[in-house]
Protein chains: 2
Amino acid sequence: MSEPGQMASEDAAFGLDHAFVQTVVDALAAGDVAWVAALVDPLHPADIADLLQSLPTDGRYALVDVLRADFPSEVLSELDETVLDEVADYLGVDKLAEAVSELDSDDAVEVVQELEADEQREVLNAIPPGERTFIEEGLTFPEDSAGRLMQRELVSAPEFWTVGETIDFLRRGADEDEGSLPAVFYDIFIVDPAHHPVGAVSLSRLLRSKRPVRVADIMATELNLIPVTMDQEEIAFLFRQRDLVSSPVVDADGRLVGAITVDDVVDVIDAEHEEDIMRLGGVQEDDLYSAVAETTRLRFVWLLLNLATALVASMVIGLFEATIEQMVALAVLMPIVASMGGNAGTQTMTVAVRALSTRELSPANALRVIGKELLVGGFNGVLFAVITGLVAWVWFGSPAIGIVIALAMVINMMVAGLAGTTIPLVLERVGVDPAVGSAVFLTTVTDVVGFFAFLGLAAWLLF
Amino acid sequence: MSEPGQMASEDAAFGLDHAFVQTVVDALAAGDVAWVAALVDPLHPADIADLLQSLPTDGRYALVDVLRADFPSEVLSELDETVLDEVADYLGVDKLAEAVSELDSDDAVEVVQELEADEQREVLNAIPPGERTFIEEGLTFPEDSAGRLMQRELVSAPEFWTVGETIDFLRRGADEDEGSLPAVFYDIFIVDPAHHPVGAVSLSRLLRSKRPVRVADIMATELNLIPVTMDQEEIAFLFRQRDLVSSPVVDADGRLVGAITVDDVVDVIDAEHEEDIMRLGGVQEDDLYSAVAETTRLRFVWLLLNLATALVASMVIGLFEATIEQMVALAVLMPIVASMGGNAGTQTMTVAVRALSTRELSPANALRVIGKELLVGGFNGVLFAVITGLVAWVWFGSPAIGIVIALAMVINMMVAGLAGTTIPLVLERVGVDPAVGSAVFLTTVTDVVGFFAFLGLAAWLLF
């Protein structure tokens, strides 16, 4: 794709640039198939996937038509779910089945699981039985489990083999039966006669050892065995924590059934990140490629929940209608206390949610963290109480209103520190993803306390 | 660390559990050094790092004392910056230098760069000159660049070597000079006489090839050369996109100077993700381990900015004091419109910020995305206009106030869709991280428009 040296300039950038995408768009619009083919031919499959995603629907169809004759199967496993559905539909069952059967078993499962049920059936039926079995087996495992993620192709060797015998086996495998070895692998798993993994030899270790050495003598025995049902979040944690590149997957009887490689785990890490960010932002799933109606529907639920909390806040204000009638300045100032509490609470909650997902926050240090956040809320509360109190005093010429807003500020920012840590901790404890629910509970608390403290103190102290 | 099979149960979990942490805490409190040592001995360095992080400061010191005699150096590169500083100080220069010099060059740079300037100097001086050179060279490269991330130890071979010669070289290297080969490697980089990379051979490819085959005949020539000054974000994109496990780093003359491996890139991906989440939540950096005073200071700036935007919103309300005086119901309802706009805008902004960071949103599709978000905002705006309008009508018995809040809702939610996409796009264009500034600009817009539309329409239509 690039000449060595060509990329060695300081401003080298990988991926597609906008000018290139525009050139493809223009060539597609002009119907210049040969030119499009020439532009796309040198691209990496992941870049073709990005290109497809950045085109509007009709452009996607046009590009699929150009690629159709020899569709690069790896593109499929790099596509976002929504775009994959579109491309899969347009490719048609036969072409799709052909492409899927060219993929490694883990990538094939990844693609097929995204298809709708009837399409899934049709595609599977169009795949030769031998290849189909691995995919069908993969689909029997729970979504997001090791079974879905693992590659069935792997290299294993018995304990009594020597380094030389293992290398000869690999060389023979390359000659005789390409299909039985994975395209790329990093570790050789050593198994006992019942096919239980007992060790692993990294290829660099194998290469540095003399031919007569027995693999059992150089294998690492501290295996990170992954049960086939393990959730991908746990797997991602393990790979990150132990700096792994590949790890063996075992069934309920402890037999070696597959291997997970780091490239798939990187995708998982990325997907988990996306989930965290989206949920914190009140989005159920990344809907960049979803149609308007679907996006509207997906976002509606969250907004409805927020409307409920906003109405609760309004009811709190409603309790003090008479107070506001006496002094409209209160209506002018009241959003400040609620807003500062919301922002301070969001800061705390962000740190807490992240620390829960990296497992840095746990019952072992929860009290310490809560105490700290309460203090931070208190200190910043006092600082902002002084600033806001002075502003309110000057603005409305009343020291009393300054004192009221100052007191309300300290209260709400301490509550924000407390709620920002305890809400995610409680949600985690009751088994709800803290990233999903924390924000809505938090703003309810900081709005209600913010309005109530400010208006309540005003009603009590000013009249 | 675990027997094979032991981990194969369905509820296997890696990492520390809370009961274990508590046992260590108790043993430390009881001063039972032998028991602590026995508990910690089987742990992976990454788990020891996690354990240190979950302890309060005096517990950290006590644990460092237990480990001091034979401090596991890899623990250092797994620690959070704040905790690393604490542990480094407490270890003392000599022990620290000893531990750092045991690390691979990339991990050593990672640790040393986090130290304060004078401590950095002292530690470097205490490291033998040979090992010190790699670290000092690493530190000359910009922070977050390939030069800081790369490992200097790598395996290269000339083009004319055969597979057999390469394997023999590796076996000799294992015998003679352990230090010259990296502990683990995945690719052999093929270089020309001027040490420019011309190809790469994965170990699995090498192992599957016969001894007389020349490496030049089996090498992949599509290299992803990483300039030594390339930013780590770009590197992370490349590894993710191309499913790489290692990639060669070249200097300005295109000569091979190091290699970056996927385990370091996983850490980068994680750090970039943390940065995104923190910035979206208004936190400058993860301050979980920072002291109260430092945390208060770090969060203050963001809150001050938010106070400014809250004051702007208050001023907008101030324009309508007379209107509110005539009808206090307006004060009760007005936060609803602003809040719904803020939430809808945050949804849009979250998708946009994420899409910018994955490069899925670009000038090529920006207009399409903006148009879509405007429509989504409009549709949800109409839905919530109806709901909120009815609620307001019933609550205050006035259809007119229902109409006012409905109109304001549609306006503000369309503005939210527009602002939620254009603000991140504009920030990205002017070179500001969209994750940092988007939220504050967005809430300013949705608050100002929300209050102004609702109160302005009320002033115009109701009186």
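Residues numbered from 1 in each chain as written. Chains lettered and ligands numbered in written order. Predicted model: local features only at pLDDT ≥ 70, side-chain atom pairs only at ≥ 80, totals over all residues. Heavy atoms only, no water.

A. Broad picture of the overall build of chain A. Of the regular secondary structure elements, chain A holds 21 helices and six strands. Its C-alpha atoms give chain A a radius of gyration of 29 Å, more than 25% over the compact-globule value 23 Å for 463 residues. Projecting the C-alpha coordinates of chain A onto the three principal axes gives extents of approximately 95 × 60 × 50 Å. Looking at chain A residue by residue over its 463 residues, the buried ones come to 58%. Look at the contacts in chain A between residues 6 or more apart in sequence, and 66% of them connect residues 24 or more apart. For chain A, the computed accessible surface area is about 18000 Å², with 58% contributed by carbon and sulfur atoms. (Helix = DSSP H or I, 4+ residues; strand = E, 2+ residues; numbered from the N terminus. Rg over C-alpha atoms; globule rule 2.2 N^0.38 Å. Buried < 20%, exposed > 50% of the residue type's maximum accessible area, 1.4 Å probe, protein only. Contact = heavy atoms within 4.5 Å. Areas by Shrake-Rupley, 256 points an atom, 1.4 Å probe, with all protein chains shown as cover.)

B. A look at a negative patch on the surface. On the surface, Glu81, Glu143, Asp144, Asp231, Glu233, Glu285 and Glu428 of chain A cluster together to form a negatively charged patch. By secondary structure assignment, the location of aspartate 231 of chain A is in the loop between strand S4 (226-227) and helix H14 (232-242). (Patch = residues over 30% accessible without salt bridge, like charges linked within 9 Å, V, L, I, M, F, W, Y side chains within 5 Å. Salt bridge = Lys/Arg side-chain N within 4 Å of Asp/Glu carboxyl O. Lys, Arg positive; Asp, Glu negative; His and termini not counted. Charge placed at Lys NZ, Arg CZ, Asp CG, Glu CD.)

C. Broad picture of helix H20 (residues 399-429) of chain B. Here H20 of chain B contains 31 residues, and its C-alpha end-to-end distance of 45 Å stays within 8% of the 45 Å for a straight helix at 1.5 Å per residue. With its phi angle positive at about 85 degrees, glycine 431 of chain B sits one or two positions after the end of H20 of chain B. (Expected span 1.5 Å × (residues − 1).)

D. Summary view of helix H1 (residues 18-29) of chain B. The end-to-end C-alpha distance of H1 of chain B is 16 Å, a good match for the 16 Å that 12 residues give at a rise of 1.5 Å each. Along H1 of chain B, the residues classified as buried are Phe20, Val21, Val24, Ala27 and Leu28 of chain B. The buried residues of H1 of chain B occupy one face: seen down the axis, they fall within an arc of 125 degrees. Opposite the packed face of H1 of chain B, turned more than 90 degrees from it, sit the exposed residues Ala19 and Ala29 of chain B. Lining the buried residues of H1 of chain B we find helix H19 (363-396) of chain A together with helix H2 (33-40), helix H3 (45-54) and helix H4 (57-67) of chain B. Just downstream of H1 of chain B, glycine 31 of chain B is the residue with a positive phi angle, here 65 degrees. (Arc of directions from axis to C-beta.)

E. Representation of the sheet that holds strand S3 (residues 197-202) of chain A. All names here are of chain A. The sheet built from three strands is open, its strands ordered S1-S2-S3 with mixed pairing. Two strands bound the open sheet, and with one partner strand each, they are strand S1 (156-158) and S3. Here the strands of the sheet are splayed against their neighbours by 30 degrees on average, with no regard to which way each runs. With three bridges connecting them, S1 and strand S2 (residues 187-191) associate as parallel partners. Looking across to S2, one finds that proline 158 is bridged to valine 191. (Pairing = 2+ DSSP bridges. Axes fitted to C-alpha atoms, helices over the stretch in contact; angles between N-to-C directions.)

F. Geometry of the side chain of aspartate 276 of chain A. Tracing the chain through its elements places aspartate 276 of chain A in helix H15 (residues 262-280). In this structure aspartate 276 of chain A is buried but unpaired, with arginine 354 of chain A as the nearest side chain of opposite charge at 5.5 Å. The residues contacting aspartate 276 of chain A, other than those within four sequence positions of it, are Ser357 and Ala435 of chain A together with His273 and Ile277 of chain B.

G. Structural detail: the interface of chain B and chain A. With 144 residues of chain B at the contact, the number on the chain A side is 144 residues. The partner of aspartate 270 of chain B in a salt bridge is arginine 240 of chain A, and the shortest N-O contact between them spans 3.2 Å. Viewed at the interface, chain A and chain B are joined by 47 residue pairs in polar contact (both at pLDDT 80 or more). Taken together, the residues of the side of chain B that touches chain A break down into 80 nonpolar, 34 polar and 30 charged. (Polar contact = N/O pair within 3.5 Å; in protein donor to acceptor, adjacent residues only side chain to side chain. Nonpolar A, V, L, I, M, F, W, Y, C, P; charged D, E, K, R; others polar.)

H. Representation of the relation of the copies chain B and chain A in the model. Its rotation angle being 180 degrees, the transformation that places chain B on chain A also includes 0.0 Å of axial translation and leaves an RMSD of 0.1 Å. Considering both components of the superposition, the chain copies are consistent with a two-fold axis. Mapped onto chain A, 100% of the interface residues of chain B are again interface residues, and the two copies thus contact each other with one and the same surface. (Least-squares fit on C-alpha atoms with pLDDT ≥ 70 in both.)

I. Focus on the packing of helix H16 (residues 292-318) of chain A against helix H19 (residues 363-396) of chain B. Packing of H16 of chain A against H19 of chain B leaves a shortest axis separation of 9 Å and a crossing angle of 35 degrees. When you trace H16 of chain A past H19 of chain B, the crossing you get is right-handed. Note on element contacts: H19 of chain B touches H16 of chain A through Lys372, Glu373, Leu375, Val376, Phe379, Asn380, Leu383, Phe384, Ile387, Thr388, Val391 and Trp395 of chain B, opposite Val292, Thr295, Thr296, Arg299, Phe300, Leu303, Leu304, Leu307, Leu311, Ser314 and Met315 of chain A. Classifying every residue of the contact of H16 of chain A with H19 of chain B gives 15 nonpolar, five polar and three charged. (Left-handed = near helix turned anticlockwise from the far one by under 90°.)

J. The arrangement of the sheet that holds strand S2 (residues 187-191) of chain B in detail. All names here are of chain B. Within the open sheet, the three strands sit side by side as S1-S2-S3. Their pairing is mixed. Two strands lie at the open edges of the sheet, namely strand S1 (156-158) and strand S3 (197-202), each paired on one side alone. The mean angle between the axes of side-by-side strands here comes to 30 degrees, regardless of whether they run parallel or antiparallel.

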